[in-house]
Amino acid sequence: MTAISSAVRSLGGDFPAEAFGRTYRHWPCVGDFSDLFTWDDLNQIIARHRLEPPRLRLFNDGSQIPQHSYAHPVVSKLHTVWHRIEPANLHHQLKDGASLVLDAVDALHPGVEDLATALERHFRTDVQVNLYASWTPKEGFGVHWDDHDVVVLQLEGAKRWKLYGATRVDPLRVDTEAPEPPIGAPVAEIVLQAGDMLYLPRGWWHAVAATEGRSLHLTCGLKPTTGADLLSWLADQLRVSNPSARTCRISPRRMRGPRISKPCARSSPKPCTRG
């Protein structure tokens, strides 16, 4: 059984009914994930691709590190400017406690693409896989939450996850108000060793740091399809199929809502009447 099939198999059984969308789950010793993605793979991707933020970025103590700290601008023949990563400066940032994030690594690496495809078939939803790399036991992002469910595979090293639960049910980044930060101690604290897996529902606050030495892990984000997505799709279809939806104008008076009568003067001794 391959590492990918072992990972997908762990997401079966009682997981959909008891944990999916409800609570976290930790699977120890699922398989050998070390060949899914390595440090050599990361070095080759950085050397061969133009990785501008937000595709590749560094964080330290919850703040994003400016790009000029580890890359320098290059002008192409077409007079466009892009930034080439300087390995020495990148290594310096990692030694100083930075965490590296590489978004959508499944589009850059065949093995990770196979993992994403297998998860998409299992969950019947889009999956994007991000890579996280660190050299020190320092938190890169602080306590935060994601607007999608995640499945985490620890490739190398170990990471300590502090889980705080959710403070709002199924939050989204487009919400008009952000969820309130958690108060108090974490509800669980888990150390992911190489070969372990972790599932977190959307909206669960968490903080992550390597226990010691280098760490590599993949976070597989399950893109949610919500009622808001359906309404947005219906609006798009209406604009395309019905020309009047693009030309009809709503009167501002109709958009103001119901009219509210002025309150009666408090000085009047007579019963309030509406004329």
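Here the structure is a predicted model, which is why all the values come from computation and not from measurement. (Residues numbered from 1 in each chain as written. Predicted model: local features only at pLDDT ≥ 70, side-chain atom pairs only at ≥ 80, totals over all residues. Heavy atoms only, no water.)

Trainee: Where do I start with the sheet that holds strand 12 (residues 204-210) in this structure?
Mentor: Sheet strands associate in pairs through backbone hydrogen bonding, adopting either a parallel or an antiparallel arrangement. Spatial strand order, 10-9-12: three strands in an open sheet with antiparallel pairing. Of all the strands in the sheet, just strand 10 (188-193) and strand 12 have a single pairing partner and so form its edges. Shown here is a sheet whose adjacent strand axes are inclined to one another by a mean of 25°, direction ignored. Pairing between strand 9 (residues 158-166) and strand 10: six bridges, direction antiparallel. Each residue of the ladder has a partner; that of Ala158, found in strand 10, is Gln193. (Pairing = 2+ DSSP bridges. Helix = DSSP H or I, 4+ residues; strand = E, 2+ residues; numbered from the N terminus. Axes fitted to C-alpha atoms, helices over the stretch in contact; angles between N-to-C directions.)

Trainee: Teacher, can you tell me more about the nonpolar core here?
Mentor: Note on soluble globular proteins: their nonpolar side chains tend to be buried together. Judged by nonpolar contacts, the single largest core of 50 residues is most densely connected at Phe33, Leu42, Leu100, Leu102, Val105, Leu153 and Met197. Here this core takes six residues from helix 5 (residues 110-123), the largest share from any one element. Among the nonpolar cores identified, the runner-up in size contains 11 residues, and Leu163, Leu200, Trp204 and Val208 belong to it. (Core = buried A, V, L, I, M, F, W, Y, C linked by side-chain atoms within 4.5 Å. Buried < 20%, exposed > 50% of the residue type's maximum accessible area, 1.4 Å probe, protein only.)

Trainee: Where do I start with the sheet that holds strand 3 (residues 63-64) in this structure?
Mentor: Reading across from one edge, 1-11-8-13-7-6-2-3 is the order of the eight strands in this open sheet, with antiparallel pairing throughout. Of all strands in the sheet, those with a lone pairing partner are strand 1 (25-27) and strand 3, marking the two edges. Pairing of strand 7 (residues 127-134) with strand 13 (residues 215-222) involves eight bridges; the strand directions are antiparallel. For Val129, the partnering residue across the bridge sits in strand 13 and is Cys220. Running at roughly 105° to strand 7, helix 3 (residues 39-48) makes contact with strand 2 (56-60), strand 6 (99-102), strand 7, strand 8 (149-156) and strand 13 of the sheet. (Contact = heavy atoms within 4.5 Å.)

Trainee: Explanation requested: a nonpolar patch on the surface in the structure shown.
Mentor: A cluster of nonpolar side chains, contributed by Leu230, Leu231, Trp233 and Leu234, occupies part of the molecular surface with about 440 Å² of accessible area. With respect to the element layout, Leu231 can be found in helix 6 (residues 227-241). Here Leu231 falls in the exposed class, since its relative accessible area comes to 60%. (Patch = residues over 30% accessible without salt bridge, like charges linked within 9 Å, V, L, I, M, F, W, Y side chains within 5 Å. Areas by Shrake-Rupley, 256 points an atom, 1.4 Å probe, with all protein chains shown as cover. Salt bridge = Lys/Arg side-chain N within 4 Å of Asp/Glu carboxyl O.)

Trainee: Would you explain the packing of aromatic side chains in this entry?
Mentor: The geometry of an aromatic ring pair is captured by the separation of the ring centres together with the interplanar angle, meaning the angle of the planes. In total, this model carries nine aromatic pairs according to the counting rule given. Ring centres 5.8 Å apart and planes at 35° place the aromatic pair Phe20 and Tyr199 in the tilted group. Note that Phe20 is positioned in the loop between helix 2 (15-18) and strand 1 and Tyr199 in strand 11 (residues 197-200), a separation of 179 residues in sequence. Here Tyr199 falls in the buried class, since its relative accessible area comes to 0%. Ring geometry for Tyr132 and Phe141: centres 5.8 Å apart, planes at 80°, overall edge-to-face. Among the aromatic residues, ring-to-ring pairing joins Phe15, Phe20, Trp27, Phe123 and Tyr199 into one connected group. Across from the ring centre of Trp145, 4.0 Å away, lies the NZ or CZ of Arg173, which sits over that ring. In this structure, Arg214 is placed above the aromatic ring of Trp39, and the distance from its NZ or CZ to the ring centre is 5.6 Å. (Phe/Tyr/Trp six-rings, centres within 6.5 Å; stacked < 30°, edge-to-face > 60°. Lys NZ or Arg CZ within 6 Å of the ring centre and 35° of its normal.)

Trainee: Would you mind going over the environment of His72 with me for this structure?
Mentor: For His72, the position within the fold is in strand 4 (residues 71-75). A sequence separation of 11 residues divides His72 from His83, and the C-alpha atoms of the two residues are 5.2 Å apart. Apart from the residues within four sequence positions on either side, His72 is in contact with Trp82, His83, Arg84 and Glu86.

Trainee: I keep staring at the side chain of Thr226 and nothing clicks. Help me out?
Mentor: Examined against the element boundaries, Thr226 turns out to sit in the loop between strand 13 and helix 6. Classification of Thr226 as buried rests on a relative accessible area of 16%. When near neighbours in sequence (up to four residues on either side) are disregarded, Thr226 contacts Leu172 and Arg202.

Trainee: In this structure, what is going on with unusual backbone geometry? I would like to understand it.
Mentor: Excluding glycine, residues mostly have negative phi values, and the peptide bonds linking residues are mostly trans. Residue Pro54 is reached from Pro53 by a cis peptide bond, and omega for that bond is 5°. Its location among the elements puts Pro54 in the loop between helix 3 and strand 2. The backbone phi angle of Ala104 is positive, close to 50°, even though this residue is not glycine. Looking at the element boundaries, Ala104 is found in the loop between strand 6 and helix 5. Its relative accessible area of 16% is what places Ala104 among the buried residues. The phi angle at Asp170 is positive, at roughly 50°, despite the residue not being glycine. Relative to the helices and strands, Asp170 resides in the loop between strand 9 and strand 10.

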